[in-house]
There are 2 protein chains.
Amino acid sequence: MSIRIGIYGYGNLGRGIENAIRQNPDMTLAAVFTRRDPSTLTIGTADAAVCHVKEVEQYKDQIDVMILCGGSATDLPEQTPALAKNFCVVDSFDTHARIPEHFANVDAAAKAGGKVAMISVGWDPGMFSLNRLYAGAILPDGKDYTFWGKGVSQGHSDAIRRIEGVLDAKQYTIPVDAALDAVRSGSCPALTTRQKHTRECFVVAAESADLARIEKEIKEMPNYFADYDTTVHFISAEELKRNHSGIPHGGFVIRTGKTGKDLEHNHVMEYSLKLDSNPEFTASVIVAFARAAHRMHREGMSGCKTVFDVPPAYLSPKSREEIVRELL
Amino acid sequence: MSIRIGIYGYGNLGRGIENAIRQNPDMTLAAVFTRRDPSTLTIGTADAAVCHVKEVEQYKDQIDVMILCGGSATDLPEQTPALAKNFCVVDSFDTHARIPEHFANVDAAAKAGGKVAMISVGWDPGMFSLNRLYAGAILPDGKDYTFWGKGVSQGHSDAIRRIEGVLDAKQYTIPVDAALDAVRSGSCPALTTRQKHTRECFVVAAESADLARIEKEIKEMPNYFADYDTTVHFISAEELKRNHSGIPHGGFVIRTGKTGKDLEHNHVMEYSLKLDSNPEFTASVIVAFARAAHRMHREGMSGCKTVFDVPPAYLSPKSREEIVRELL
């Protein structure tokens, strides 16, 4: 029997979930929930319902896993605990510092409802977290490094757009090759923020705008740009659309560590992602973990779970026998 | 309370386990079991027992997890089921084709004894298998590639040593850069054995040996070398010792796949290892999974398990709270 998925919020991530469901024959999209007027929303799946978020409780028995596609700043801290009372849920909450608090809230709700609620699923947090855990457990005497990019940072692009005279902007985070090579050498370098990543900005400015002032404001912006070597390119709206309309991303998790009688041997474990579409890849990770959430719930589990709690076999549509035969 | 480990077989892997235990403060080496005369064996851990394999049953209540360090050809098919009746065990059985059969034998024994028996732990099978599973579950429309090396293949080195006139030899398996690049491009190339890896051999020949004949025998050896581009270097015993006495290895697991409404977006997931010591890294993986086996047994589980069955959190000595706070 097909796993019936609900999508709660229909932006880039929600559409990515819809596409990913189509790639997984053991799943069906049951309904999309939106804060907009449902009659104004056209989705890509002919036989799925489109409903207002207010109606969600009526779908309690028609949805196996609800996937939350809202933002981490204000949506998920409220929505995930609220929905976890009635549904198995998966979210991609990514405000690292607030994860323990979110975990506690979601855990209480999910336990009360007897549901499985999986939080912070995606690639970071998510697959990168898993790789940090595996690598750290295997090489206790070592050091972790995470690099992001090359990719678009939505938060940094938004920050540039808020500057006076800026019409539009795209910001790329770029890992520094020399820093990657130093890490891979096993020398365990201490790297400053500036040494690890550079930032490249493509900015569309208003006709009369003072470009020098905009460039200065970007480069000196605290937290976002001041600690980085930043390059600013002013381009036309057409060029921005033509060359910078994608949402690529990716990155690297590297752990180097030592083993041996006198710790004389070095090892490098590296995991990397190169993604044409950040939201679609995130959606693909979430959908695999939705399968696991459903199985764990059917086995009687409840409460808040993370990627660390999921036996990998639960992610695959294949049987345990197939997995052992084909993948081990 | 410390996890008490037994080592069954004291070769390269057994010594690697002993070193790895020293890097994990929650573990203690309780005893080493050998087929040799125990009085002739000196180990690196002062307070661990050295016992003959015949005595192993007497240690039933003094060992939490027995780590089997024998070979896959003849040792493990007998030893793992035999020991799984009385001990939680971990092995590194790596004869891919015989894993289903080994699984069934070990599962029956471990269930009869109420123990957890984890098989085929290491990096391939092991960490590479896990990465094939995760990547396949996330990107169903895609293709997996595994490359090995640069590293020493013990089996191929042994095969060369059996040739008449060869005193000693070391064989390196080397992935072809052009093939790796083609895979990373997302073009899903069909690659022949010859296109993926080359083989490089360093051979010490007897003084009067016919070098041309030895080189020909190596290059034409079926299964081992005939399907590869192979290079043969004749060197002195001193040079072999000086430059080729290590046991490095490593490799790459890459999956490329597509997402999107019209599968218009490409993604590349890559996992790679660069290891100074193959047996020590394998030992480090095994020790982390021994921790998991112990926890799973304490939770009441039994039977044969693989890396696919282990919730990643069980591998770490850290608490769930620490893991969520520090690694997610």
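Above this note sits the structure.
These numbers were taken from a predicted model, which means no experiment stands behind them. (Residues numbered from 1 in each chain as written. Chains lettered and ligands numbered in written order. Predicted model: local features only at pLDDT ≥ 70, side-chain atom pairs only at ≥ 80, totals over all residues. Heavy atoms only, no water.)

Focus on the relation of the copies chain B and chain A
Line of reasoning, step 1. Superposition of chain B onto chain A requires a rotation of 180 degrees combined with a translation of 0.0 Å along the rotation axis, giving an RMSD of 0.0 Å. This pairing of chains is accounted for by a two-fold axis.
Line of reasoning, step 2. Taken as a fraction of all interface residues of chain B, those also at the interface in chain A reach 100%, which identifies the copy contact as same-surface. (Least-squares fit on C-alpha atoms with pLDDT ≥ 70 in both. Contact = heavy atoms within 4.5 Å.)

Section: the sheet that holds strand S12 (residues 249-259) of chain A
Line of reasoning, step 1. Sheet architecture is open: six strands sit in the order S7(A)-S12(A)-S13(A)-S13(B)-S12(B)-S7(B), paired in antiparallel fashion. Since the sheet does not close on itself, it has two edges, and those belong to strand S7 (142-148) of chain A together with strand S7 (142-148) of chain B, each with one partner. Direction aside, the axes of adjacent strands within the sheet are offset by 10 degrees on average.
Line of reasoning, step 2. Relative to strand S13 (residues 265-275) of chain B, strand S12 (residues 249-259) of chain B is paired through 11 bridges, and the arrangement is antiparallel. Within S13(B), the residue paired with B:Lys258 across the bridge is B:Asn266.
Line of reasoning, step 3. Seen against the sheet, helix H4 (residues 127-138) of chain A touches S7, S12 and strand S13 (265-275) of chain A together with S13 of chain B and runs at an angle of roughly 5 degrees to S12(A). (Pairing = 2+ DSSP bridges. Helix = DSSP H or I, 4+ residues; strand = E, 2+ residues; numbered from the N terminus. Axes fitted to C-alpha atoms, helices over the stretch in contact; angles between N-to-C directions.)

Description of the packing of aromatic side chains
Line of reasoning, step 1. Tallying each qualifying case throughout the model produces 11 aromatic pairs over all chains.
Line of reasoning, step 2. Between A:Tyr134 and B:Tyr134, the ring centres sit 6.3 Å apart and the planes meet at 70 degrees, which makes this aromatic pair edge-to-face. Of the two residues, A:Tyr134 is situated in helix H4 and B:Tyr134 in helix H4 (residues 127-138); the pairing between them involves two chains. A single burial state applies to A:Tyr134 and to B:Tyr134, both of which are buried. (Phe/Tyr/Trp six-rings, centres within 6.5 Å; stacked < 30°, edge-to-face > 60°. Buried < 20%, exposed > 50% of the residue type's maximum accessible area, 1.4 Å probe, protein only.)

What to know about the interface of chain B and chain A
A common way to state how big an interface is: give the accessible area lost once the parts meet.
Line of reasoning, step 1. Each partner contributes residues to the interface: chain B has 66 residues there, and chain A has 66 residues.
Line of reasoning, step 2. Buried area between chain B and chain A, both sides added, is near 5,700 Å², and the carbon and sulfur share of it is 62%.
Line of reasoning, step 3. If you sort the residues of chain B by the area they bury against chain A, B:Gln23, B:Phe308 and B:Leu328 come out on top, with a joint share of 14%.
Line of reasoning, step 4. Inspection of the region where chain B meets chain A yields two salt bridges.
Line of reasoning, step 5. For A:Arg320, the salt bridge goes to B:Asp309, with nearest N and O atoms at 2.8 Å.
Line of reasoning, step 6. Breaking the side of chain B that touches chain A down by element, the ones donating at least two residues are helix H1 (12-22), helix H3 (99-113), H4, S12, S13, helix H10 (278-298), strand S14 (303-305) and helix H11 (320-327) of chain B.
Line of reasoning, step 7. Looking at the side of chain B that touches chain A element by element, the count peaks at 11 residues for S13(B).
Line of reasoning, step 8. Its residues placed into classes, the side of chain B that touches chain A shows 33 nonpolar, 17 polar and 16 charged.
Line of reasoning, step 9. Alignment of S13(A) against S13(B), held across nine bridges, turns out to be antiparallel. Among the inter-strand pairings, A:Tyr271 is bridged to a residue of S13(B), identified as B:Tyr271. (Buried area = accessible area lost by both parts, 1.4 Å probe. Salt bridge = Lys/Arg side-chain N within 4 Å of Asp/Glu carboxyl O. Nonpolar A, V, L, I, M, F, W, Y, C, P; charged D, E, K, R; others polar.)

A look at the nonpolar core
Line of reasoning, step 1. Counting residues in hydrophobic clusters, the biggest one holds 164 residues, and the most contacted among them are A:Phe33, A:Met66, A:Phe289, B:Phe33, B:Met66 and B:Phe289.
Line of reasoning, step 2. Leaving out residues up to four positions away in the same chain, B:Phe289 has contacts with B:Val90, B:Met118, B:Val121, B:Met127, B:Leu130, B:Val307, B:Val310 and B:Leu315.
Line of reasoning, step 3. Listed in part, the 14 residues of the second largest apolar core include B:Val203, B:Ala205, B:Ala209 and B:Ile214. (Core = buried A, V, L, I, M, F, W, Y, C linked by side-chain atoms within 4.5 Å.)

Observations concerning the layout of surface pockets
Residues and elements named next belong to chain A.
Line of reasoning, step 1. Empty space within the second largest pocket amounts to approximately 1,200 Å³.
Line of reasoning, step 2. As for the second largest pocket, its lining consists of 33 residues, of which Asp94, Asp124, Gln154, Gly155 and Asn278 are closest to the centre.
Line of reasoning, step 3. The set of elements that each furnish at least two residues to the lining of the second largest pocket consists of helix H1 (12-22), helix H5 (154-161), helix H7 (193-196), strand S10 (197-205) and helix H10 (278-298).
Line of reasoning, step 4. Looking at the lining of the second largest pocket element by element, the count peaks at four residues for H5.
Line of reasoning, step 5. Among the residues forming the lining of the second largest pocket, the class breakdown is 11 nonpolar, 17 polar and five charged. (1 Å grid on protein atoms, 1.4 Å probe; cavity = no way out; pocket = protein on both sides within 12 Å on 5 of 7 lines; lining within 4 Å. Points joined across faces, edges and corners; volume = space filled by probe spheres on them.)

Structural notes on H10(A)
All names here are of chain A.
Line of reasoning, step 1. Look at H10: 31 Å from first C-alpha to last across 21 residues, which is about the 30 Å you get at 1.5 Å a residue.
Line of reasoning, step 2. Burial within H10 is extensive, with 18 of its 21 residues counted as buried.
Line of reasoning, step 3. Where H10 begins, one side-chain oxygen reaches toward the backbone nitrogen of glutamate 280, 3.2 Å away; that side chain belongs to serine 277.
Line of reasoning, step 4. One or two positions beyond H10, positive phi appears at glycine 300, with a value near 100 degrees. (Expected span 1.5 Å × (residues − 1). Polar contact = N/O pair within 3.5 Å; in protein donor to acceptor, adjacent residues only side chain to side chain.)

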